[in-house]
Amino acid sequence: MASSMPAPSRSRPRVIAHHAVSLDGATTGFSPDLGTFYGLITTWQEDVTLVGADTILAQEEALVSGTPGPGPDPDGPLLAVVDSRGRVSAWEALRSAGHWRDAIRLEADRPGERVDLRRTLERFAEQGVETVRVDSGGVLTGALLEQGLIDEVSLLVHPVTVGAKSATRWYGASTATLVFTLDQVEAVADGVVWLRYRRSG
Ligand SMILES: NC(=O)c1ccc[n+]([C@@H]2O[C@H](COP(=O)([O-])OP(=O)(O)OC[C@H]3O[C@@H](n4cnc5c(N)ncnc54)[C@H](OP(=O)(O)O)[C@@H]3O)[C@@H](O)[C@H]2O)c1
């Protein structure tokens, strides 16, 4: 993998949560600089893009009604959508979008349960996956943070506040107190700052 940071544990891949945020930590309610946001994801060269179902659902209609994608990218990462309730339906459009080599649904081990995120990451590791990038409005990131499963937080901070207009914060509902080390601070676009924090210890 292209990143210089080693995986912290052999039992699971390194997990990066990359979010575009407002000054008050919201992930929605403002217009993020998408060019910069997606331009930066080459930093990690992820093997798997782990996405929350609600992130897919927010773009599903546009995905289905828009111009068909070029088809799977054999060199791209695997798209894995946490979707215990089977809410996502645009699988063919996702596979054809041109960003991923394939798209899969992650289901819970038992009906009525959530996807076991730790076990999912362990299964990825067994398949040789080294790096996972999380794409979420915060809810999925919060669930991963709560279980101590995030190794790097990458925030693209935009010079705007949204206050109560947005209900989503990048840390979701996590109550975990975790300590991070600052790895990088960079002004990457007009007023937009990129912060990278690595889990300490
Ligand atoms: N600014 C940004 O960087 C950014 C990035 C991506 C998306 N977004 C925006 O964010 C919004 C969607 O984000 P969101 O935060 O609401 O949702 P999300 O993170 O995309 O989706 C929530 C996910 O969390 C899973 N989940 C919740 N608790 C869990 C647990 N305890 N164990 C396992 N899985 C759990 C849910 O699984 P189940 O479905 O199985 O319950 C679901 O897949 C959209 O508006 C999108 O446009 C912003």
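Structure's up top.
Here's a quick rundown of the structure. Worth saying up front: this structure is predicted, and the values here are computed from it rather than measured.

**Some thoughts on the overall build of the protein**
From N to C terminus, the protein includes five helices and eight strands. Each helix and strand of the protein, ordered N terminal to C terminal, gives the series β-α-β-α-β-α-β-α-β-α-β-β-β. In summary, the protein has a C-alpha radius of gyration of 16 Å against a globular reference of 17 Å for 201 residues, a match within 12%. Across its three principal directions, the C-alpha atoms of the protein cover 40 × 35 × 35 Å. By residue count, 44% of the 201 residues in the protein fall in the buried class. Of the contacts made within the protein by residues no fewer than 6 positions apart, 76% connect residues no fewer than 24 positions apart. Surface summary for the protein: the accessible area is close to 10,300 Å², and the carbon and sulfur share equals 51%.

**A short note on the site of the ligand**
Not every one of the 26 residues close to the ligand is listed here, only the nearest: Thr55, Val82, Ser84, Arg85 and Ser136. Here Thr27 contributes a backbone N or O atom positioned 2.9 Å from a nitrogen atom of the ligand. Within the side chain of Asp54, a nitrogen or oxygen atom sits 3.2 Å from an oxygen atom of the ligand. The fraction of the free accessible surface of the ligand (940 Å²) that becomes covered by protein chains is 84%. Of all the secondary-structure elements, those providing two or more residues to the shell around the ligand are β1 (14-21), α2 (53-65) and α5 (139-146).

**A word on the pattern of salt bridges**
Inspection of every chain in the model, using the stated rule, returns 15 salt bridges. Linking Arg119 and Glu126 is a salt bridge whose minimum nitrogen-to-oxygen distance equals 3.4 Å. A salt bridge links Asp135 to Arg133, with the shortest nitrogen-to-oxygen separation between them at 3.9 Å. Across the pair, exposure class does not vary: Asp135 and Arg133 are buried alike. Connected through salt bridges with shared partners, the residues Arg14, Glu152 and Arg196 form a single ionic network.

**Details of the packing of aromatic side chains**
Under the defined criterion, the tally for this structure stands at three aromatic pairs. Judged by centre distance (6.2 Å) and plane angle (85 degrees), the rings of Trp44 and Trp194 are edge-to-face. Placement of the pair is Trp44 in the loop between α1 (34-40) and β2 (48-52) and Trp194 in strand β8 (residues 192-199), with a sequence separation of 150 residues. One exposure class covers both Trp44 and Trp194, and it is buried. When the centroid spacing of 5.6 Å and the interplanar angle of 85 degrees are considered together, the rings of Trp170 and Tyr171 count as edge-to-face. Overall, the relative accessible area of 17% leaves Trp170 in the buried class.

**What to know about the nonpolar core**
Grouped together as the largest cluster of nonpolar side chains are 26 residues, with contacts concentrated most on Leu50, Phe124, Val132, Val134, Leu144 and Ile150. Of all the secondary-structure elements, those providing two or more residues to this core are β1, β2, β3 (78-82), α4 (117-126), β5 (131-135), α5 and β6 (152-157). Val132 has contacts with Pro13, Arg14, Val15, Ile16, Glu46, Val48, Leu50, Leu121 and Phe124, leaving out every residue within four places of it along the chain.

**Remarks on the pairing of β6**
Most of β6 is tucked away: six of the six residues are buried. Here β6 shows two buried faces, one formed by Glu152, Ser154 and Leu156 and the other by Val153, Leu155 and Val157. Examined bridge by bridge, β1 and β6 share six bridges and lie parallel to one another. Within β6, the position partnered with Ala17 by the bridge is Val153. Inspection of the sheet shows β6 paired to β8 by six bridges, in the antiparallel sense. Bridging from a neighbouring strand, Leu155 pairs with Leu195 of β8.

Each value, and the rule that gives it
- Residues numbered from 1 in each chain as written.
- Predicted model: local features only at pLDDT ≥ 70, side-chain atom pairs only at ≥ 80, totals over all residues.
- Heavy atoms only, no water.
- Helix = DSSP H or I, 4+ residues; strand = E, 2+ residues; numbered from the N terminus.
- Rg over C-alpha atoms; globule rule 2.2 N^0.38 Å.
- Buried < 20%, exposed > 50% of the residue type's maximum accessible area, 1.4 Å probe, protein only.
- Contact = heavy atoms within 4.5 Å.
- Areas by Shrake-Rupley, 256 points an atom, 1.4 Å probe, with all protein chains shown as cover.
- Near = heavy atom within 4 Å.
- Polar contact = N/O pair within 3.5 Å; in protein donor to acceptor, adjacent residues only side chain to side chain.
- Salt bridge = Lys/Arg side-chain N within 4 Å of Asp/Glu carboxyl O.
- Phe/Tyr/Trp six-rings, centres within 6.5 Å; stacked < 30°, edge-to-face > 60°.
- Core = buried A, V, L, I, M, F, W, Y, C linked by side-chain atoms within 4.5 Å.
- Pairing = 2+ DSSP bridges.

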